[in-house]
Amino acid sequence: MILLAASSLSVMAAGAEHKPYPVGLKLVQYEDASRLAWTGNKARPLATAIWYPAQAGTVEKDWNVAIFKAGRNAIDAPMLHTAGKLPLILLSHGTGGSAASIAWFAESLAAHGYIVAAVNHHGNTAYEEHTRLEGFVVWWDRPHDLSVLIDKLLADPAIGPGIDTQRIAVAGFSIGGYTALASVGGRISYAQWQEFCGKYATNPNCTLPPEAKFSHEDLQTLLKENQRVKAEIAKSGADYSDSRIKAAYAMAPVMGRVVTKDSMAAIKVPVRIVVGADDDQAIPEFNAQVYAANIVGSSLLTLPAVTHYAFLAECNMLGKLAARQVCIDPAGFERTAIHQQVAADARKFFEDKLR
């Protein structure tokens, strides 16, 4: 089913979102000992931001991270005490992004009684001092990050006891949208990707994203000479689904023509897809519409006039000056209003599907 938002102006007058609970935030440094980092012999890092409902009376503060206004929260505040356990939403950022870049989504859910955990995907995140070309090339390892993250969260004495293991879901933006769908069964075909890019060489699914500050020559050298990357490509079509995940919410997902139709058709959990009609990075025709057409029972919300980077957090003045492509929206466009609309849609989806 395809739903089209009636008008981009319908949310322009939205006020501040009501927050039933204050929001706490923990920043933790997990590791995946089963995999190596892209450099050295250290375990793969899983630096994670965890938002959660905090106890009444908690004082929140503005959280500014690099170029983003990353909302309001209270660092390490005591978690809300409830009679029951809380649902967990795993959250995957876009390529070259970070947990903070989609904090608005996490904060809204946490304020309504969810635990939300967003990992900074190693090698492909602005959270780290340097990105790695390997992190932009090998993106199918991201769903495995989320499976390990579930293990880590459940074992964490500060977080695990509060998680309802029967109500775990996933959400993501851009390549994080692919990550969310791979976590519930979407599988890629590297040969299918090569065939698609042979026909559509300039499609954003076939080129390094603007966030990757590497040359075409760097990419070709890596693909020809890096044995570890070759080994990762050889197993790119593996099944990275996790049966503990009960629903998926994908914002502006990419790689729609790379994921196999058979694997999409086999997805059994509820799926909701949201995309901007004017998205020039996750072009709906090649991505969101493909997923919606092949995942049985999924639903698609298309937002008129909305562009790709509208799903990122609002930018501060530094961002508006130094990262115009990411931070400057079309005239008459209010990013906060779109965030409120999408967050409300996600809350309704999870409330309905995680009962």
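Look above for the structure.
Remember, it's a predicted structure, so these values are computed and weren't measured experimentally. (Residues numbered from 1 in each chain as written. Predicted model: local features only at pLDDT ≥ 70, side-chain atom pairs only at ≥ 80, totals over all residues. Heavy atoms only, no water.)

Digging into the overall build of the protein
The following threshold applies: By the criteria applied, helices consist of DSSP H or I runs no shorter than four residues and strands consist of E runs no shorter than two, each listed in order from the N terminus. Throughout, radius of gyration means the C-alpha value; the globule benchmark is 2.2 Å times the number of residues raised to the power 0.38. Relative accessibility under 20% of the residue-type maximum defines a buried residue, over 50% an exposed one, and the middle range a partly exposed one, all with a 1.4 Å probe and only protein chains included. Any two residues whose heavy atoms approach within 4.5 Å are treated as being in contact.
The number of helices and strands found in the protein is 12 helices and 11 strands. Whereas a compact globule of 355 residues would reach a radius of gyration of roughly 20 Å, the protein reaches 19 Å, a difference of no more than 12%. Projected onto its principal axes, the C-alpha positions of the protein cover 55 × 45 × 45 Å. When the 355 residues of the protein are sorted by exposure, 57% land in the buried category. Contacts spanning at least 24 positions in sequence make up 79% of the contacts within the protein whose residues lie at least 6 apart.

Regarding helix H4 (residues 175–182)
Buried residues dominate H4, accounting for 8 of its 8 residues. Looking at H4, one finds that the buried residues are Ile175, Gly176, Gly177, Tyr178, Thr179, Ala180, Leu181 and Ala182. On its buried face, H4 sits against strand S6 (86–92), helix H3 (142–155), strand S8 (163–173), strand S9 (248–251), strand S10 (271–276) and helix H9 (288–294).

Some words on the packing of aromatic side chains
Note the cut-off: Here is the rule: rings of Phe, Tyr and Trp (six-membered ring for Trp) pair when centre to centre is within 6.5 Å. Planes less than 30 degrees apart are stacked, more than 60 are edge-to-face, and the remainder are tilted. Two conditions define a charge sitting above a ring: the NZ of Lys or the CZ of Arg must be within 6 Å of the ring centre, and it must be within 35 degrees of the ring normal.
Considering all chains together, one arrives at 17 aromatic pairs under this definition. Taking 5.0 Å as the distance between ring centres and 85 degrees as the angle between the ring planes, the aromatic pair formed by Trp139 and Tyr178 counts as edge-to-face. Here Tyr178 lies in helix H4 and Trp139 lies in the loop between helix H2 (133–137) and H3, a separation of 39 residues in the sequence. Here the aromatic residues Trp104, Phe105, Tyr114, Tyr249, Phe349 and Phe350 are joined through ring pairs into a cluster of three or more. Positioned over the ring face of Trp38 is Arg228, at 4.1 Å from the centre of the ring.

Some points on the state of the cysteines
Heads up, the condition is: To count as a disulfide, a pair of cysteine sulfur atoms needs to be within 2.5 Å.
A full pass over the atoms with the stated rule returns 2 disulfides. Covalently, Cys197 is tied to Cys206 through a disulfide, its sulfur atoms 2.1 Å apart. One disulfide, between Cys197 and Cys206, carries an S-S torsion of -90 degrees and so falls in the left-handed class. By relative accessible area, Cys197 is classed as buried at 18%. Take the cysteines of the protein that form disulfides and number them in order along the sequence; they join up as 1-2, 3-4.

What about the environment of Thr307?
Take Thr307: it is sitting in the loop between strand S11 (299–303) and helix H10 (317–322). Separated by 28 residues in the primary sequence, Thr307 and Asp279 place their C-alpha atoms 4.3 Å from one another. Other than its neighbours up to four places away in sequence, Thr307 contacts Asp278, Asp279 and Pro330.

Notes on the pattern of salt bridges
A side chain of one charge can pair with a side chain of the opposite charge if their charged atoms are brought near each other. To keep things clear, this is the line we draw: Note on definitions: salt bridges are taken to be side-chain nitrogens of Lys or Arg within 4 Å of carboxyl oxygens of Asp or Glu.
On inspection of all chains with the given rule, the structure shows 16 salt bridges. Residue Glu232 pairs with Lys235 through a salt bridge whose shortest N-O separation is 3.7 Å. Under the relative-accessibility criterion, Glu232 is labelled buried at 14%. Salt bridges linked by common partners bring Asp32, Arg35, Arg44, Asp141 and Asp145 together as one network.

Topic: the pairing of S9
The condition that has to hold: Should DSSP find at least two bridges between two strands, the strands are taken to pair.
The two faces of S9 match: Ala248 and Ala250 on one face and Tyr249 and Met251 on the other face are all buried. Of the pairings in the sheet, the one linking S8 to S9 comprises 4 bridges and is parallel in character. Bridge pairing in S9 links Gly172 to Ala250.

Digging into H3
Quick reminder: α-helices carry 3.6 residues per turn. Residues three or four places apart thus point the same way. The following threshold applies: The span expected for a helix works out to 1.5 Å for each residue beyond the first.
With 14 residues, H3 ought to run about 20 Å at 1.5 Å a step, and its terminal C-alpha atoms sit 20 Å apart, in line with that. Residues of H3 that are buried include every one of Arg142, Pro143, Asp145, Leu146, Ser147, Val148, Leu149, Ile150 and Leu153, and no others. Buried positions along H3 lie against strand S2 (23–36), strand S3 (43–53), S6, strand S7 (115–119), S8 and H4.

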